[in-house]
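# Tertiary structure, described
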Amino acid sequence: MDFFRIICIVFAGVLLAIQLKSIGTPIWIYLSIGLSIFILIYAVNRLSFVMDFIHNVLGDIGLESGYFEILFKIVGISYLCEFTSNICRESGFVSIASQLETGGKLTMMVLSLPILMAIVEMITGVL
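Residues numbered from 1 in each chain as written. Predicted model: local features only at pLDDT ≥ 70, side-chain atom pairs only at ≥ 80, totals over all residues. Heavy atoms only, no water.

In this section: the overall build of the protein chain. Helix and strand counts for the protein chain stand at 5 helices and 0 strands. The C-alpha atoms of the protein chain give a radius of gyration of 20 Å, which is well past the 14 Å a tight globule of 127 residues would have. Overall size of the protein chain, expressed as C-alpha extent along the three principal axes, is 65 × 40 × 15 Å. Here the protein chain holds 127 residues, and 17% of them are scored as buried. A separation threshold of at least 6 residues defines the contact pool for the protein chain, and within that pool the share at least 24 residues apart is 57%. A total accessible area of about 9300 Å² is found for the protein chain, and carbon and sulfur atoms account for 73% of it. (Helix = DSSP H or I, 4+ residues; strand = E, 2+ residues; numbered from the N terminus. Rg over C-alpha atoms; globule rule 2.2 N^0.38 Å. Buried < 20%, exposed > 50% of the residue type's maximum accessible area, 1.4 Å probe, protein only. Contact = heavy atoms within 4.5 Å. Areas by Shrake-Rupley, 256 points an atom, 1.4 Å probe, with all protein chains shown as cover.)

Structure, rendered in structure tokens:
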């Protein structure tokens, strides 16, 4: 039911932003950014429940949660980069959005190196 309210608020905000954009006032950009941040905060709060659940399950099983934390960081960076690049594109800064996406991809690649090294060590251990 909470998500239905979020959808209604965002829909009303988008309709208002469309009206403001047609009038020619730049306030629609700030409204768009505010709505995006509103959705992002809701999504991050929901994601924290998932992370706590997975952390508890991994603790019960006895598996190391370090790799899953890295994967969650990568997913978080992916969402934040997409969120920010979409705002940049909407505001007309297409080149900045592209550079942001490139920087996010490089950051995700660097964060994934420990997982890659663990896979390489596992393979060399078998051989």
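Now for a nonpolar patch on the surface. A contiguous nonpolar surface patch, about 370 Å² in accessible area, is contributed by Phe11, Val14, Leu15 and Ile18. You can see Ile18 is positioned in helix α1 (residues 2–23). (Patch = residues over 30% accessible without salt bridge, like charges linked within 9 Å, V, L, I, M, F, W, Y side chains within 5 Å. Salt bridge = Lys/Arg side-chain N within 4 Å of Asp/Glu carboxyl O.)

Membership of the largest hydrophobic core is limited to 5 residues, which are Ile70, Ile74, Ile77, Cys81 and Met108. Among the elements that take part in this core, helix α3 (residues 66–91) stands out by supplying 4 residues, more than any other. Ignoring sequence-local partners within four residues, the contact set of Ile70 consists of Leu111, Pro114 and Ile115. (Core = buried A, V, L, I, M, F, W, Y, C linked by side-chain atoms within 4.5 Å.)

Below, the discussion takes up the pattern of salt bridges. Applying the stated criterion across every chain yields a total of 3 salt bridges. Here Asp2 makes a salt bridge to Arg5, at a shortest N to O gap of 3.8 Å. Of this pair, Asp2 and Arg5 both sit in helix α1, separated by 3 residues, roughly a single helical turn. In this structure, the salt-bridge partner of Glu101 is Arg89, at a minimum N-O distance of 3.0 Å. Note that Glu101 is positioned in helix α4 (residues 94–111) and Arg89 in helix α3, a separation of 12 residues in sequence. Classification of Glu101 as partly exposed rests on a relative accessible area of 26%. Through salt bridges that share partners, Asp2, Arg5 and Arg46 make up one connected network.

In total, this model carries 0 aromatic pairs according to the counting rule given. Residue placement shows Lys21 over the ring face of Trp28; its charged tip is 4.5 Å from the ring centre. (Phe/Tyr/Trp six-rings, centres within 6.5 Å; stacked < 30°, edge-to-face > 60°. Lys NZ or Arg CZ within 6 Å of the ring centre and 35° of its normal.)

We now examine helix α2 (residues 27–61). Under the 1.5 Å per step criterion, the end-to-end length of α2 is 51 Å for 35 residues, consistent within 8% with the ideal 51 Å. On its buried side, α2 packs onto α1 and α3. (Expected span 1.5 Å × (residues − 1).)

Let us now look at the state of the cysteines. For the coordinates displayed, the defined rule picks out 0 disulfides. For Cys88, which is in no disulfide, the shortest distance to another cysteine sulfur is to Cys81 and amounts to 10 Å. Overall, the relative accessible area of 15% leaves Cys88 in the buried class. (Disulfide = S-S within 2.5 Å.)

Detailed reading of the predicted coordinates is not advisable wherever pLDDT falls low. Scored by pLDDT, the protein chain comes out at a mean of 84, with 96% of its residues at no less than 70. The element-level mean pLDDT for the protein chain is lowest in α2, coming to 81, with α4 highest at 92. (pLDDT = per-residue confidence, 0-100.)

Mapped onto the fold, Ser85 is located in helix α3. At 3.1 Å, the side chain of Ser85 forms a polar contact with the side chain of Glu101. With residues near it in sequence (within four places) discarded, Ser85 still touches Ala97, Leu100 and Glu101. (Polar contact = N/O pair within 3.5 Å; in protein donor to acceptor, adjacent residues only side chain to side chain.)

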